[in-house]
Amino acid sequence: MALWDFLNLYYSQAKKMSFWNFLNYWYGQAKRMSFWNFLNYWYGQAKTMSFWNFLNYWHRQAKRMSDTYKDVEFNLEVVTCAHDQVLFLEAGSDFTDVLISFLTLTLGTIVRVLNQHYCRNDDEEAPPTIGSLTSLYNGLENLDSGHFWTESCKEMLLNPKSSFEAECRKLKLDINGTQPTKYFCCEDFNCVYPRQSNISMHRDAATCTCGKSLKREIGTRDSSSDGDGGIFTVKNGSFLISGDMVLVPNINVAGSVMETLSNLAITDKDGTEQWKMTFGVNDIVIMLEDLLIPETESAAIETEPGNLFHEADSNSKKMNVRLTVQKSTNKLLFAQSEEDFVDFLFSLLTVPLGGVAFLLGGNTSLTKLDNLYRSVENINEDKYLSNPDIKNRLINPKLRHGYMSKNQILPLTEENGPRMYYNLDLNLGKEWLSYAGRDPVIEFRNGHRHGSYLKEPTMYMVSDDLIVTPLTMTSSLSILTELKIPLSDVEEVEVQIGLQEGLSILKASLTSTSALTDGLMVDSMFKKQPKQDD
């Protein structure tokens, strides 16, 4: 075709999707080699240069993070085998705390951090696609704010906070750039209702007893302090981390060489070499990304509800979803649902990574994530963690206060608000919150005015990779027209989404770009149905 026709074609594609979706679309079109061919290609490149030059090359390629942590470095001992494969790292508590903090990051935060990391400095490489979570997040970003009760509801989902805010702010390197919590009270300074029962941690998300919005920021005078001990691990601790993210205490504290090597799955010491290496912010982000990439495509999906951690709860909330399927191929075209199911899907972005591993019984189909989770689960908290409670908080984390939706069907709980006190100086006409003081203690309001993020009633269309758009007759027909599917080849079936289906969708969303097909096992669902005679 002519040059201008070519440009118009690509321009028409760009108008149909967001910038990131457009990049991801063409990035998908450009995939011309398998994962292993890609690795073999770069392994061939590595053989033409020294080990250090190869590492330095990728270090230069990885410069994408902002200047916030550009000078933060970790000096580590690295042990490699004969093929330069990393056997394990020897690291102090500061580096180990950063790795453990991955479990505290919410799914939405992970997508946002990776998107921002790759778009800095005019990087031409598209952000990685994390299963269907990337498209779920990008679809949320493109959904008009008018579908949410308030702008704050959408903002809470796009930038979901962690219940480990206080800990993460003390990390040597916090890739999320956690900011201090802000607090909001009634917009009317002269409101006569008690302040202590009308404080929110989310701007304009809740209402005062008087009916006005809680959107006027109220300051704090002091901050909470947990002393100068360790964050997640004991201060000045020493740990070993394998290439598969198995974490164990170092031999100088654990006491047994053979047991430590066995825990790291190391059976042969021949050809090993020791190196001193410096890890920076880009290396940390790459480790986070690596944590969420399945080793092989075949390892991606095993979502049979009976294999998951929790038994089905017959009393759990059920949601009705209508699946639109092409009969001749059993291909899921899209799902139709009310706002409750979409509210549930968006709420997945608020779940911490450690909470995902807990819900799935440490079997997420992501080997490195499972290894890191089980390492924390199995560690002796009395010896190697900063306090006895931190282990339970890491392996079964709670949602941030105010994030629980009434449409959440997974067995999750949210944290209580911090213990704070309201202060008022009538002479100065000032008010503030403090962590120390006398009663009354603040009773924080829920994060949602109506118990959910989305307004009701509204119907939505959900794609197989969890992109959410408003449902209209024209949009439905447009999809069928684009795919050239006759109406006679279309079938609709209504399914109920409960606890087990929710867990299956969650698991599939981590690794599959067909989260609904794999999570609901659409293929087997229709194969089991006997065909009707014409």
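Note that the structure is a prediction, hence the values are computed from the model and not measured.

### Quick look at a nonpolar patch on the surface
Part 1 of the argument: Among the surface-exposed residues, Met473, Leu477 and Leu487 lie close enough to one another that they form a single nonpolar patch of about 340 Å² accessible area.
Part 2 of the argument: Residue classification places Leu487 among the exposed positions, given a relative accessible area of 61%.

### Observations regarding unusual backbone geometry
Part 1 of the argument: A cis amide bond links Glu456 with the next residue in sequence, Pro457, at an omega value of -5 degrees.
Part 2 of the argument: Along the chain, Pro457 turns up in the loop between strand S11 (430-434) and strand S12 (459-462).
Part 3 of the argument: A positive phi is found at Ser365, a non-glycine position, where the angle reads about 75 degrees.
Part 4 of the argument: Within the secondary structure layout, Ser365 lies in the loop between helix H14 (353-359) and helix H15 (367-378).
Part 5 of the argument: One non-glycine residue with positive phi stands out, namely Lys484, at about 55 degrees.
Part 6 of the argument: Along the chain, Lys484 turns up in the loop between helix H18 (473-482) and strand S14 (490-497).
Part 7 of the argument: Residue Lys484 is classed as exposed on the basis of its relative accessible area of 74%.

### Describing the confidence of the model for the protein chain
Part 1 of the argument: Chain-level pLDDT for the protein chain is 79 on average; 73% of the residues reach the 70-or-more range.
Part 2 of the argument: Low pLDDT (under 50) marks residues 305-312, which in the prediction has 21 contacts with non-local residues, meaning those over four places away or in another chain.

### Comments concerning the sheet that holds S14
Part 1 of the argument: Strand order in the open sheet formed by 5 strands is S13-S12-S9-S8-S14, with antiparallel pairing between adjacent strands. With one partner strand each, in any of the chains shown, strand S13 (468-470) and S14 form the two edges of the open sheet. For this sheet the average axis-to-axis angle between neighbouring strands, irrespective of direction, equals 30 degrees.
Part 2 of the argument: Of the pairings in the sheet, the one linking S12 to S13 comprises 3 bridges and is antiparallel in character. Within S13, the residue paired with Val462 across the bridge is Val468.

### What about the sheet that holds strand S7 (residues 273-279)?
Part 1 of the argument: Strand order in the open sheet formed by 5 strands is S6-S5-S2-S1-S7, with antiparallel pairing between adjacent strands. Single-partner strands in this sheet number two, and they are strand S6 (247-249) and S7. Ignoring which end each strand starts from, the neighbouring axes of this sheet average 30 degrees apart.
Part 2 of the argument: Bridge count for strand S5 (residues 238-242) against S6 is 3 bridges, and the pairing is antiparallel. In the sheet register, Leu240 faces S6, and the bridge partner there is Val248.

### Quick look at the packing of helix H6 (residues 107-119) against helix H7 (residues 133-142)
Part 1 of the argument: It is at 10 Å that the axes of H6 and H7 come closest, and there the two elements cross at 85 degrees. The angle between H6 and H7 places the two elements in the roughly perpendicular class. Contact with H6, carried on its side by Leu107, Gly108, Val111, Arg112 and Asn115, involves Leu133, Thr134, Tyr137 and Asn138 of H7 and no other residues of that element.
Part 2 of the argument: Counted by class, the contact of H6 with H7 contains 4 nonpolar, 4 polar and 1 charged residues.

### Thoughts on the packing of H6 against helix H12 (residues 281-291)
Part 1 of the argument: One way to put it is that H6 packs onto H12 with a least axis distance of 11 Å and a crossing angle of 135 degrees. The angle between H6 and H12 places the two elements in the oblique class. As H6 runs across H12, the sense of the crossing is left-handed. Residues Ile110, Leu114, His117 and Tyr118 of H6 lie in contact with H12, whose contacting residues are Asn282, Val285, Leu288 and Glu289.
Part 2 of the argument: In terms of residue class, the contact of H6 with H12 is built from 5 nonpolar, 2 polar and 1 charged.

Rules and cut-offs
- Residues numbered from 1 in each chain as written.
- Predicted model: local features only at pLDDT ≥ 70, side-chain atom pairs only at ≥ 80, totals over all residues.
- Heavy atoms only, no water.
- Patch = residues over 30% accessible without salt bridge, like charges linked within 9 Å, V, L, I, M, F, W, Y side chains within 5 Å.
- Areas by Shrake-Rupley, 256 points an atom, 1.4 Å probe, with all protein chains shown as cover.
- Salt bridge = Lys/Arg side-chain N within 4 Å of Asp/Glu carboxyl O.
- Buried < 20%, exposed > 50% of the residue type's maximum accessible area, 1.4 Å probe, protein only.
- Helix = DSSP H or I, 4+ residues; strand = E, 2+ residues; numbered from the N terminus.
- pLDDT = per-residue confidence, 0-100.
- Contact = heavy atoms within 4.5 Å.
- Pairing = 2+ DSSP bridges.
- Axes fitted to C-alpha atoms, helices over the stretch in contact; angles between N-to-C directions.
- Parallel < 35°, antiparallel > 145°, perpendicular 65-115°, else oblique.
- Nonpolar A, V, L, I, M, F, W, Y, C, P; charged D, E, K, R; others polar.
- Left-handed = near helix turned anticlockwise from the far one by under 90°.

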